[in-house]
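Chain and residue survey
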Amino acid sequence: METDEPETLGVAAVAAARYLTAGEVVALPAETVYGLAANAFDPVAVAKIFAVKERPDFDPLIVHVRNLEAVREIAMIPSEIEDVVLKLANAFWPGPLTLLLPKKPVIPDSVTSGLPTVAVRVPSHAVFRRVLKECRLPLAAPSANRFGRISPTTASAVVKELGGRIPLVLDGGACGEGVESTILRITRPPGSPKPVLEVVRAGPVTRELLKQFGIVKKGSREPRPDAPGQLQSHYAPTTPLRLLAEGEGFSPQPGKTYGLLSVDGEPGRLNLSDFAMVAVLSPGSGKLSEAAIRLFALLRQLDEAGLDEIIAESVAEQGVGVAIMDRLRKAAGRGGNGND
Ligand code: TXA
Ligand code: MG
């Protein structure tokens, strides 16, 4: 006998698929963060994503599909990297890995902001997968926040960001990864025995996990000559955020209220009584994966607390800690890549 849960999921997924087929945008949970989805084949629907998010049209979208076969319908897999793409797909899909591949003409230029590549991934969240199955369309979906703000990891955060602007938010609970997917550009220089994996955005698929597949490098986004310097972040909390270096101390200014984003709740060199609010990234096991899951929700809470400044401790730059530090640097306005 079927339990209630899949049935409820089915009803909501059918409703979402109807909106999507009709050219509307809906918010869906992914395993990483909530996404704002639209039919990737339909330029009018895609334009709604940019309008709802207030996102500049030079910032391209990720397209989500059900499996590798569906990837081949929208993107080319060049022969010199096919072996590594298949290995990565086998290892990480469905899951939080996005690949930049040459796009096929079926994908409108507005999805890729005119770039010759399309960002593709196969999400693992059951709700997202169910919607993909119901609508049988590739879904363009950026994070469901207004441009420049914190990505939502719960349905209520989506409602705060986009409520009133979209017809449906599907609630699939809190996201299991908490930070956006890892984005890779893959090349194989002529004569090179190993492919080069350029990490364009750090995420849950870490450098440590990737290194068995090739030479891992820190990547950057393609410079956009038509939009110089556009994405110099501006992520974020509206409250100023200061990122402390490891072991750095802090002295409060009189009359100001501060919030602390603490790694594990241990004061270290800090004096906890200097802070009106202390949010702990990893109160449990002290693990980085727990910190990643909690990061955006805690940043939101701190931002809503009416503080003068948020002080954030650095986390160890290993594993998913690289992605956490990337997001914290952006939140502090020091990120190179901006926030979309
Ligand atoms: O986990 C995720 O990736 C989430 C969920 C919803 O899947 N999506 C997400 O999308 O984070 P968004 O739009 O917030 O971030 C997509 C990033 C942007 O930084 C964009 O510039 C980059 O992907 N991107 C997309 N297409 C690209 C391309 N063809 N070349 C280079 N960068 C690209
Ligand atoms: Mg985003």
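Above: the structure in question.
Residues numbered from 1 in each chain as written. Chains lettered and ligands numbered in written order. Predicted model: local features only at pLDDT ≥ 70, side-chain atom pairs only at ≥ 80, totals over all residues. Heavy atoms only, no water.

What about the environment of Gln301?
If you trace the backbone, Gln301 turns up in helix H9 (residues 288–303). Residue classification places Gln301 among the partly exposed positions, given a relative accessible area of 42%. When the C-alpha atoms of Gln301 and Pro237 are compared, they prove to be 9.6 Å apart, with 64 residues separating the residues in sequence. (Helix = DSSP H or I, 4+ residues; strand = E, 2+ residues; numbered from the N terminus. Buried < 20%, exposed > 50% of the residue type's maximum accessible area, 1.4 Å probe, protein only.)

Details of the environment of Asp303
Tracing the sequence through the fold places Asp303 in helix H9. The class for Asp303 is buried, based on a relative accessible area of 14%. Residues Asp303 and Gly23, 280 residues apart in the sequence, show an inter-C-alpha distance of 34 Å. When near neighbours in sequence (up to four residues on either side) are disregarded, Asp303 contacts Ala236, Pro237, Thr238, Thr239 and Ile310. (Contact = heavy atoms within 4.5 Å.)

Considering the sheet that holds strand S1 (residues 26–29)
Think of a sheet as strands paired side by side through backbone hydrogen bonds, with each pair either parallel or antiparallel. Pairing is mixed in the open sheet, where nine strands are placed in the order S1-S2-S6-S3-S5-S4-S7-S8-S9. Only two strands of the sheet have a single partner each, and these edge strands are S1 and strand S9 (215–218). Two elements, strand S8 (residues 196–201) and S9, share four bridges in a ladder whose sense is parallel. Within S9, the position partnered with Val196 by the bridge is Ile215. (Pairing = 2+ DSSP bridges.)

Observations concerning the coordination of the magnesium ion (ligand 2)
The coordination sphere of the magnesium ion (ligand 2) contains the protein donors Ser143 (OG) and Asp340 (O), at a distance range of 2.0 to 2.3 Å. Of the two residues, Ser143 is situated in the loop between strand S6 (139–140) and helix H7 (155–162) and Asp340 in the segment after helix H10 (321–331); the sequence distance between them amounts to 197 residues. (Donors = N, O, S within 2.8 Å, 3.2 Å for Na, K, Ca; no water.)

Thoughts on the sheet that holds strand S10 (residues 241–243)
With parallel pairing, the four strands of this open sheet are ordered in space as S10-S13-S11-S12. Pairing within the sheet leaves two strands with one partner each, and these edge strands are S10 and strand S12 (277–280). Ignoring which end each strand starts from, the neighbouring axes of this sheet average 20° apart. The pairing of S10 with strand S13 (residues 309–312) spans three bridges and is parallel. (Axes fitted to C-alpha atoms, helices over the stretch in contact; angles between N-to-C directions.)

Focus on the environment of Arg207
Relative to the helices and strands, Arg207 resides in helix H8 (residues 207–210). Of the residues examined, Arg207 reaches a relative accessible area of 43% and is grouped as partly exposed. Along the chain, Arg207 and Asp171 lie 36 residues apart, while their C-alpha atoms are 31 Å from each other. Other than its neighbours up to four places away in sequence, Arg207 contacts Val216, Lys217 and Lys218.

So far we have only geometry, and geometry alone does not tell us how the molecule works.
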